[in-house]
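Observations on chain architecture
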Amino acid sequence: MTKYVYKFAEGDKDMKDLLGGKGANLAEMTKLGLPVPPGFTITTDACRAYLNTGEVPDTLDVEVTAAIRGVEDAMGKTLGNADDPLLVSVRSGAKFSMPGMMETVLNIGLNDNSVLGLAKQSDNERFAWDSYRRLIQMFGKTVMDIDGDLFADELHGLQQKKGYKGDLDMTTEDLKELVVTYKEIVKRETGKDFPQDPREQMDMAVEAVFRSWNTDRARIYRRRERIPNDLGTAVNVQTMVFGNMGLDSGTGVCFTRDPSTGHSGVYGDYLQNAQGEDVVAGIRNTLSLADLENLDKKSYDELREIMSKLETHYRDMCDIEFTIQKGRLWMLQTRVGKRTASAAFRIAEQLVNERLITKDEAVTRVSGDQLTSLLFPQFDKKAEKKLISKGMPASPGAAVGEIVMNNEQAVERTQAGATVILVRRETNPDDLQGMVVAAGVLTARGGKTSHAAVVARGMGRCAVVGAEDLVVDEAAGTVYVKSKDATYHAGDVIAIDGATGEIFEGRVPVADSAVMTYISKGFDAAMEAAGDDADVVELVTAVDHILTRADQKARLVVRANADNPEDAQRSREFGAKGVGLCRTEHMFLGDRRKLIEAVILADSDDEREAAYDALMPLQKGDFVGIFGAMDGLPVTVRLIDPPLHEFLPDLTELSVELAVKEAKGETVTNQEKKLLAAVKANHEANPMLGLRGIRLGLKMPGLIKLQVRAIAEAYVELRKQGKDPKPEIMIPLIGSVREMQIARDMALEVLKDVEDESGMKVDLPIGNMIELPRAAITAGRIAVESNFFSFGTNDLTQTTWGFSRDDVEAAFFNDYYDYGIFGTSPFESIDWRGVGALVRRAAENGRQANPDLHLGVCGEHGGDPQSIHFFHWVGLDYVSCSPFRVPVARLEAGRAAIANESEAAAEENGGSSVNATA
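Residues numbered from 1 in each chain as written. Predicted model: local features only at pLDDT ≥ 70, side-chain atom pairs only at ≥ 80, totals over all residues. Heavy atoms only, no water.

1. Concerning the overall build of the protein
We count it as follows: A run of DSSP states H or I qualifies as a helix once it reaches four residues; a run of E qualifies as a strand once it reaches two. Both are numbered from the N-terminal end. Radius of gyration here uses only the C-alpha atoms, and the compact-globule reference equals 2.2 Å multiplied by the residue count raised to the power 0.38. Remark: exposure states derive from per-residue accessible area (1.4 Å probe, protein chains only) relative to the maximum for the residue type, with buried under 20%, exposed over 50%, and partly exposed in between.
Scanning the protein for helices and strands turns up 37 helices and 33 strands. Relative to the globule expectation of 29 Å for 918 residues, the C-alpha radius of gyration of the protein, 32 Å, shows essentially globular dimensions. Along the first, second and third principal axes, the C-alpha set of the protein runs to 105 × 75 × 60 Å. Per-residue burial for the protein yields a buried fraction of 55% across its 918 residues.

2. As for the sheet that holds strand 27 (residues 579-583)
For clarity, the threshold we go by: Between any two strands, at least two bridges found by DSSP are needed for them to pair. Lines are fitted to the C-alpha atoms to define the axes, a helix being fitted only along its stretch in contact, and any angle between axes, read from their N-to-C directions, falls within 0 to 180 degrees. Only heavy atoms enter the contact rule, under which two residues are in contact if any of them lie within 4.5 Å.
Reading around the circumference, 26-27-28-29-30-31-32-33 is the order of the 8 strands in this closed barrel, with parallel pairing throughout. Taken pair by pair, the neighbouring strands of this sheet meet at an average axis angle of 30°, ignoring direction. Relative to strand 31 (residues 788-791), strand 30 (residues 766-770) is paired through 3 bridges, and the arrangement is parallel. Note that in strand 31 the partner of methionine 769 across the bridge is serine 790. Its contacts with the sheet place helix 35 (residues 835-849) against strand 31 and strand 32 (854-857), and it is angled at close to 180° to strand 31.

3. Details of the nonpolar core
Our working definition: The nonpolar core is taken to be a set of buried Ala, Val, Leu, Ile, Met, Phe, Trp, Tyr and Cys residues, with the residues joined through side-chain atoms within 4.5 Å.
Formed by 136 residues in total, the largest nonpolar core has its most connected members in Phe345, Phe627, Ile729, Leu876 and Leu891. Top contributing element to this core by residue count: helix 28 (residues 701-720), with 11 residues. Apart from residues no more than four positions distant in its own chain, isoleucine 729 is found in contact with Val637, Leu639, Val708, Ile711, Leu751, Leu764, Pro765, Ile766, Gly767 and Phe788. Membership of the second largest hydrophobic core comes to 57 residues, among which are Tyr50, Ile68, Leu87 and Met240.

4. Here we look at the pattern of salt bridges
Worth spelling out the cut-off: Take a side-chain nitrogen of Lys or Arg and a carboxyl oxygen of Asp or Glu: if they are within 4 Å of each other, that pair is a salt bridge.
In total, this model carries 51 salt bridges according to the counting rule given. A salt bridge links glutamate 757 to arginine 709, with the nearest nitrogen and oxygen atoms 3.0 Å apart. You can see glutamate 757 sitting in helix 29 (residues 737-758) and its partner arginine 709 sitting in helix 28, a full 48 residues away along the chain. Judged by relative accessible area, glutamate 757 falls into the exposed class, the value being 54%. What emerges from the salt-bridge pattern is a single network uniting Lys620, Arg709, Glu713, Glu717 and Glu757.

5. So, the environment of alanine 476
Within the fold, alanine 476 resides in the loop between strand 20 (470-473) and strand 21 (478-481). Judged by its relative accessible area of 49%, alanine 476 falls in the partly exposed class.

6. A look at the pairing of strand 18 (residues 440-443)
Here strand 18 shows two buried faces, one formed by Gly440 and Leu442 and the other by Val441 and Thr443. Across 4 bridges, strand 17 (residues 420-424) lies against strand 18 in parallel orientation. Counterpart to isoleucine 421 in the pairing with strand 18 is glycine 440. Sheet topology note: the strand 18/strand 19 (residues 462-465) ladder contains 3 bridges and is parallel. If you follow valine 441 over to strand 19, its bridge partner there is alanine 463.

7. Section: a nonpolar patch on the surface
What counts, and what does not: Distance thresholds for patches are 9 Å for like charges and 5 Å for nonpolar side chains (Val, Leu, Ile, Met, Phe, Trp, Tyr), applied to residues having over 30% relative accessible area and no salt bridge. Note on areas: Shrake-Rupley, 1.4 Å probe, and residue coverage restricted to the protein chains presented here.
Judged by side-chain polarity, Trp801, Tyr819 and Ile821 come together as a nonpolar surface patch covering roughly 360 Å² of accessible area. With respect to the element layout, isoleucine 821 can be found in the loop between helix 34 (813-819) and helix 35. With a relative accessible area of 44%, isoleucine 821 lands in the partly exposed category.

8. Thoughts on the layout of surface pockets
Stated precisely, the cut-off is as follows: Here a cavity denotes a set of grid points, spaced 1 Å apart and computed over the protein atoms alone, in which a 1.4 Å probe fits but from which it cannot get out, and a pocket denotes an open set meeting protein on both sides within 12 Å along at least five of seven lines; residues with an atom within 4 Å of a point are reported as lining. Grid points are joined across faces, edges and corners, and a volume is the space filled by probe spheres set on the points. Ten residue types, Ala, Val, Leu, Ile, Met, Phe, Trp, Tyr, Cys and Pro, are classed as nonpolar, four, Asp, Glu, Lys and Arg, as charged, and the remainder, Gly among them, as polar.
Of the volumes computed, that of the second largest pocket is approximately 980 Å³. Secondary-structure elements contributing two or more residues to the lining of the second largest pocket are strand 27, helix 32 (793-801), helix 33 (805-811) and strand 33 (878-881). The element contributing the most residues to the lining of the second largest pocket is helix 32, with 4 residues. Considered class by class, the residues forming the lining of the second largest pocket number 12 nonpolar, 13 polar and 13 charged.

9. What about the sheet that holds strand 18?
Strand order in the open sheet formed by 8 strands is 14-24-23-16-17-18-19-15, with mixed pairing between adjacent strands. This sheet does not close on itself; its edge strands, each paired only once, are strand 14 (387-390) and strand 15 (392-395). Going from strand to strand, the sheet's axes swing by 30° on average, the running direction of each strand aside. The pairing of strand 16 (residues 398-404) with strand 23 (residues 493-497) spans 5 bridges and is classified as antiparallel. Residue alanine 398 lies in a different strand from strand 23, and its bridge partner there is aspartate 497. Lying on the sheet, helix 16 (residues 407-415) is in contact with strand 16 and strand 17; it crosses strand 16 at an angle near 110°.

10. As for the packing of aromatic side chains
Threshold: Pairing of aromatic rings covers Phe, Tyr and Trp, the last through its six-membered ring, and needs centres within 6.5 Å; plane angles under 30 degrees mean stacked, over 60 mean edge-to-face, and all others mean tilted. Geometrically, a charge over a ring is one whose NZ (Lys) or CZ (Arg) sits within 6 Å of the ring centre while staying within 35 degrees of the ring normal.
Within this structure, the stated rule accounts for 22 aromatic pairs. With 5.1 Å between their ring centres and 10° between their planes, tryptophan 801 and phenylalanine 803 make a pair best called stacked. Put simply, the rings of Trp801, Phe803, Phe812, Phe813, Tyr816, Phe822 and Phe827 pair up and form one aromatic cluster. Here arginine 222 stacks its cationic end above the ring of tryptophan 213, 3.9 Å away from the centre of that ring.

11. Some points on helix 13 (residues 341-353)
Note the following rule: Expected span of a helix, by definition, is 1.5 Å for each gap between consecutive residues, and there is one gap fewer than residues.
With 13 residues, helix 13 should reach 18 Å at 1.5 Å per residue; the first-to-last C-alpha distance of 19 Å fits that figure. In terms of burial, helix 13 is a largely internal element, 12 of the 13 residues being buried. For helix 13, the full list of buried residues reads Ala341, Ser342, Ala343, Ala344, Phe345, Arg346, Ile347, Ala348, Glu349, Gln350, Leu351 and Val352.

12. Brief notes about the packing of helix 3 (residues 60-75) against helix 8 (residues 198-212)
Basically, it comes down to this: In this scheme, roughly parallel covers angles under 35 degrees and roughly antiparallel covers those over 145, while 65 to 115 is roughly perpendicular and the rest are oblique. It is the rotation of the near helix from the far one that decides the hand of a crossing: anticlockwise by less than a right angle makes it left-handed, clockwise makes it right-handed.
Interhelical geometry of helix 3 versus helix 8 gives an angle of 120° and a closest axis separation of 13 Å. Judged on the interaxial angle alone, helix 8 and helix 3 are oblique. When you trace helix 3 past helix 8, the crossing you get is right-handed. Judged by residue contacts, Asp61, Val64, Thr65 and Ile68 of helix 3 engage Arg199, Met202 and Asp203 from helix 8. Per-class residue counts for the contact of helix 3 with helix 8 are 3 nonpolar, 1 polar and 3 charged.

13. Some details on empty space enclosed by the protein
Using the criterion set out here, one finds 6 cavities of 30 Å³ or more in the structure. As a volume, the largest cavity reaches approximately 90 Å³. Lining the largest cavity are 13 residues, and of these Arg91, Met240, Val241, Thr323 and Leu332 sit closest to its centre. Of all the secondary-structure elements, those providing two or more residues to the lining of the largest cavity are strand 5 (88-94) and strand 7 (233-239). Considering only residue class, the lining of the largest cavity consists of 5 nonpolar, 7 polar and 1 charged.

14. Overview of the environment of leucine 168
Inspection of the secondary structure assignment puts leucine 168 in the loop between helix 6 (148-161) and helix 7 (172-190). With relative accessibility at 38%, the residue leucine 168 sits in the partly exposed group. Distance in space between the C-alpha atoms of leucine 168 and asparagine 273 is 8.0 Å, their sequence separation being 105 residues.

15. Some thoughts on helix 21 (residues 534-553)
The condition that has to hold: Under the rule applied, a polar contact is a pair of N or O atoms within 3.5 Å (in protein, one hydrogen donor and one hydrogen acceptor; residues adjacent in sequence only if both atoms are side-chain atoms).
Compared with an ideal rise of 1.5 Å per residue, which puts 20 residues at 28 Å, helix 21 spans 29 Å between its outermost C-alpha atoms and is within 8% of the ideal. For helix 21, the complete set of buried residues consists of Val536, Leu539, Val540, Thr541, Ala542, Val543, Asp544, Ile546, Leu547 and Ala550. Structurally, the start of helix 21 carries an N-cap: the backbone nitrogen of aspartate 535 is 3.2 Å from a side-chain oxygen of aspartate 533.

16. Let's talk about the environment of methionine 102
Residue placement: methionine 102 occurs in the loop between strand 5 and strand 6 (104-108). Sequence separation between methionine 102 and threonine 142 is 40 residues, and the spatial gap between their C-alpha atoms is 9.3 Å. Setting aside residues up to four positions removed in sequence, methionine 102 forms contacts with Ser92, Ala94, Ser212, Trp213, Arg217 and Thr233.

17. Examining a negative patch on the surface
Our working rule: Only four residue types enter the tally: Lys and Arg on the positive side, Asp and Glu on the negative side, with His and both chain ends excluded. For the purpose of locating charges, the reference atoms are NZ of Lys, CZ of Arg, CG of Asp and CD of Glu.
Taken together, Asp147, Asp149, Asp153, Glu154, Glu177 and Glu184 make up a surface patch of like negative charges. In terms of residue count, helix 6 provides more of the negative patch than any other element does, 3 residues in total. By secondary structure assignment, the location of glutamate 154 is in helix 6.

Next comes the structure, spelled out in structure tokens:
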């Protein structure tokens, strides 16, 4: 029989798949002997069963009853007891942290009778009624699906009516009045009374948490963070401890290091006389953790001791939630904390220096996505700026955009092509859609642990929070700056600096980041640019050490996609070890388009040869430049791939143009008629599956011979200059071994001619792309005729799925995300079950037939972090990506190698090894 409930004492931090991250870490803290309120976890198995059937498993009720009685015994209280009630919280807790995306309900067990007992036992009537109104408000919104604004409006209306500044000003009688009002809202909106049975409350809350796994905001978050849809969430039921019992009580969130910068120190937020959700909701601006030392030295010292213990135990920065009840400290949660990209690199470097982790572990503590964010520009420090105000820096970066006030405006303006900054009084989980599309987030309330700050850091989004100088009025569409007596409106452009908290009027120019300077110009140049800025020096040093270690560990070589000498040189500066894809069709665009037209329109072999002769020196010059820029490194040249129509005018436009000329009585020349006839002759209903790649080369063999000769002559010219060019010839769209044989023979014939003419040996590798399922399936036959395979995963994805990329992404991909068919687009990250299976099969069969076969990938997946781990796993030799993604690919290649070593070690030690990607 499946076990669905685990006491905190029964689990540990390695049981996240079953207990979720929160439950596993509560169990771990319990094992460590920390002050954790008793409780239990309902597993992800139970959630998945519920989501599959719509009903809780048959045995769950019995297991929960046994577990809750264990908590009652531990606390000496009974759930629902009218004299001294046990109250519990019900919280979500998935394997991967999804802050604010799912549900929490506090104070379960309160009803019209037990609220009186709580007031008597606590000797604090106000606290008891405050807890009850919170339960009804939270339960009504979360469990009964009542619009939360109905409760919030009544709360704010009462405060406004009585002239209160906040919720702490409300009296016991005010709170009793709110309870009555809230219960009336529940009755009016649902037709039912607020449930008075504590067990019914708990059971309903558990089901609500299960359902919250599939809310829109949770789906959006999982899609963005690439979290699988089928994991489900655990549910944690825990004894309530109260931070709202008076000024000697409170609640807080803290970090063992600054999650924004990575600096060591005391970082966190604390609210007196409050419950946990108040801190992250940002309803009041918080005190700093340092203030707690003055308010409650005993609790502060105990908390600092626990923070140190947890960081040493987890060997990482920890995010901790705590409550102080009447001077007693309780630990409610810990997890490895989300952090900004710059903090991730700094913390990894610090932990190596403190000898808590190894250099290899430091590489695994950062990601390619984080490195990418560090490469983006920052505000130019020398530029003139008009400061509006300043808030709390919550997530670094530079963002410029139009003010938008809600999700709808954010989506509408970004779809119109605008860049936007989401400006809110405070954010809540329902604002996720706006945060996803916005370039930055600005709030008037909240601290570094507020919802806006936590989610923005996790998304790598620039954020400034707690700008108290701002009065945000969404209804009016205005942002009033008190200190400046100035008003800004939705649509006005502002700029925010997530590293300093500064808010500027209008557009502010940007400059290269320090990390980009390091990547493109080297360590010394970055240090010189940093000057006396210790933070920048520390960050660049950390990136240098980690990227150097990744290069040392990597097995996969990183090449770049480059079509001109400038891109090739930039790729080399970024650390590429060659060019994995040089697309020659780009060389025939622009001024050279007419030369291709001449090839197509030629009436005789002589005319066509003359057109080839005109193209020859231009092609050779292209290759001389690229091979020279990558001297000593391989350059894989893909022969012309697109269909001919891409080099000809659009059929409709040309037809209309000539028809208009005729209608005006103007003469349509024979050349124009000839061109229209050629366009019609080469028009295809589905050109991407038509006459292109090797098919075009076999129909017009002169194109293959032209390009191979240009490559060979460029090679000879550079060799004569004492250089070391290393070109490779790649045939596109191969589907048959016979196609490859013909193309190879044609290429070898040209290479022999150039060899005879120059008196120099011209022995160049000749390989092919694998971008058709048939090529992948018959790779063992093709490999005999090929020196290398390069997987063109863009087209392989299209042909495997039967997708036309230009059509399907806008047409129905969002529906596929919602249905759970995709977790992420198969064009962004390799579909390892389908497309990846073909890659693996082709690699294995190709190597069996030709042990010297070199294997690489040149599609967009070559720069995708998750895909790189897959390509390492299947044994490819290199990945090729855009120049900008080369540093990211280098880092991920090292991380993949280290992960593979760790898995191998786990297997040797008797553990199981499950490849995260495949």
